[in-house]
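# Architecture at a glance
Letter by letter, the chains look like this.
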Amino acid sequence: MADPSASPPLTRAGVQAAHELIKPYIHRTPVLTSTTLDEIASTPRTGSLEGTRWGQEGRTPARPRLRLWFKCENFQKIGAFKARGAFHAVERLKREEGWEEGGGRERGVVTHSSGNHAQALSLAAKTNNIKAYIVMPTISAPPKIAATRDYGAEIIFSGSTSVEREAVTEKVMADTGARLVPPYDHPDIILGQGTLGLELQEQVRELVGGGGGGKGLDAIVAPCGGGGMLSGVALSAEGTGVKVFGSEPLEGGADDGMRGYYSGERVEKVSSLTIADGLRTPVGKYPWGIIYERKLVSGMYNVTEEEIKSAMRLVYERMKLVVEPSACVPLAVALYNEDFRSMVEKEAGEDGWDVGIVFSGGNVELSALGKLFA
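Residues numbered from 1 in each chain as written. Predicted model: local features only at pLDDT ≥ 70, side-chain atom pairs only at ≥ 80, totals over all residues. Heavy atoms only, no water.

Put simply, the rule is: UniProt positions are given in the numbering used here, feature names are shortened, and annotations may be inferred rather than shown by experiment.
An unreviewed UniProt entry lists the protein chain under the name Threonine dehydratase catabolic, with Coniochaeta hoffmannii as the source organism. Taken verbatim from the UniProt record of the protein chain, the Cofactor (unreviewed entry) comment is "pyridoxal 5'-phosphate".

## So, the sheet that holds strand E2 (residues 66-72)
For clarity, the cut-off: In short, DSSP must find at least two bridges between two strands for them to pair. The way it works is that DSSP assigns letters per residue, a run of H or I at least four long becomes a helix, a run of E at least two long becomes a strand, and they are numbered from the N terminus. We call two residues contacting when some pair of their heavy atoms lies within 4.5 Å. Convention adopted: a line fitted to C-alpha atoms gives each axis, helices being fitted over their contacting stretch, and angles between N-to-C directions are expressed from 0 to 180 degrees.
The six strands lie next to each other as E1-E2-E10-E7-E8-E9, forming an open sheet whose pairing is mixed. Every other strand in the sheet has two partners, leaving strand E1 (31-32) and strand E9 (299-303) as the edge strands with one partner each. Bridging between strand E7 (residues 219-223) and strand E8 (residues 243-249) involves five bridges; their strand directions are parallel. Bridging from a neighbouring strand, Ala222 pairs with Gly246 of E8. Against the sheet, helix H11 (residues 256-263) contacts E8 and E9, and its axis sits at roughly 140 degrees relative to E9.

## Let's talk about the packing of aromatic side chains
For any pair of aromatic rings, the description consists of the separation of the ring centres together with the inter-plane angle of the planes. Going by this rule: Note on ring pairs: Phe, Tyr and Trp rings are taken, using the six-membered ring of Trp, and paired if centres are within 6.5 Å. Classes follow the plane angle, with under 30 degrees stacked, over 60 edge-to-face and the rest tilted. Each residue's exposure class comes from its accessible area (1.4 Å probe, protein chains only) as a fraction of the maximum for that residue type: buried when under 20%, exposed when over 50%, partly exposed otherwise. Note on geometry: a ring has a charge over it if NZ (lysine) or CZ (arginine) is within 6 Å of the ring centre and within 35 degrees of the ring normal.
Per the counting criterion, the structure on display carries nine aromatic pairs. Here the aromatic rings of Phe70 and Phe359 are separated by 4.9 Å at their centres, their planes lie at 20 degrees, and the arrangement is stacked. With Phe70 in strand E2 and Phe359 in strand E10 (residues 353-359), this pair connects stretches of sequence that are 289 residues apart. We classify Phe359 as buried; its relative accessible area is 0%. Here the aromatic cluster, defined as three or more aromatic residues joined through ring pairs, consists of Phe245, Tyr301, Phe340 and Trp353. Sitting over the face of the ring of Tyr261, Lys295 holds its NZ or CZ atom 5.6 Å from the ring centroid.

## Notes on the pattern of salt bridges
Inclusion rule: What makes a salt bridge here is a side-chain nitrogen of Lys or Arg within 4 Å of a carboxyl oxygen of Asp or Glu, nothing more.
Applying the stated criterion across every chain yields a total of 25 salt bridges. Here Glu307 ties to Arg45 by a salt bridge, and the two come within 3.5 Å at their closest N and O atoms. With Glu307 in helix H13 (residues 305-319) and Arg45 in the loop between helix H2 (35-41) and E2, the pair connects residues that are 262 residues apart, well separated along the chain. Relative accessible area serves as the criterion here: at 11%, Glu307 is assigned to the buried category. On the basis of relative accessibility, which here comes to 25%, the residue Arg45 falls in the partly exposed class. Here Glu73 and Arg84 are joined by a salt bridge, their closest N and O atoms 2.8 Å apart.

## With respect to unusual backbone geometry
For Lys295, which is not glycine, the phi dihedral falls at a positive 55 degrees. Its location among the elements puts Lys295 in the loop between helix H12 (285-293) and E9. Its identity is not glycine, yet Lys320 carries a phi of approximately 60 degrees, on the positive side. Relative to the helices and strands, Lys320 is located in the loop between H13 and helix H14 (329-336).

## Let's talk about the sheet that holds strand E4 (residues 132-137)
Taken in spatial order, the four strands of this open sheet run E5-E4-E3-E6, and their pairing is parallel. Because the sheet does not close on itself, it has two edges, and the strands there are strand E5 (154-158) and strand E6 (179-180). Where strand E3 (residues 109-112) lies against E6, two bridges are found, and the strand directions are parallel. Looking at E6, one finds that Val110 is bridged to Leu180. Each of E3 and E4 is contacted by helix H5 (residues 116-127), which is oriented at about 170 degrees to E4, the strand it contacts most. Across the sheet, helix H6 (residues 142-150) is in contact with E4 and E5; its angle to E5 comes to roughly 145 degrees.

Right under this line is the structure:
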């Protein structure tokens, strides 16, 4: 792992510098809109809230006016935003004094991951002719194992718990001298992930104003697992007036970021089987410092499993996009979380808000998708 103290500053300028480094290696993913989803988001729930978790006495459904702008990282290399952080971490390693001369390419990089980060680091390493070792649980989905191997990585299997994965990773590092590239809890990863926020803000200004002169976004809602992407997006919006909000599944305590945010104490362990499998991780130390301690995230919201599935169905049927459950959590917040919707109604008034929604990825197994909607 690169020395965090040698990383660029965790600021908007740091994200901009990261963007310049990784531009040759990533896609500038599209920003899409949907009139249908805007109408659904801007329509209050029918009937009362009685019988729902929002059914406090006298509370009525919110009536926000929302215009949604979807940042489609499902079209990113490897099918998810993780490519941004992996490429930035590798670029930073390449620039480390003595790394090249000391045989850094041959010793390689290592991480433990069962999903998108595994594929992202494998691709970044292959692109730069660097050896990659990926520690994957034996229960990892076969398509993800195959994709990681196809990118040229050497896979080492482990048990499924974090203790088991980390033990195998430590052994690989000891045996090979490979450098650890963590999935989210490192400044280089955070800065790389934040580049999607820069693009999103710029693209919306271009689309609204025909050349960059438009009003742009009022807010961005991003998913939160380990917090690397959410904190990076928050940095990208620092000082711009764009508010950033986190979104999480409620299932099994996967809303650790929200609970920590409002209690003032980071939750360090999560055990959840939410369908949003990319968001089962507790928020890391570096992301926590940005999200909570610096208060660059304006609020956190959660959604139920049924709300995630409902949002996912809408994306498939109305937008014709392949997205994974984790990617649909921000949209589910905009559509169904009455606390978020009431906040927008109150703060935006009749003008409404232009809200960026991050579709974080599209890596979903076809068999799992069939079961989800059986």
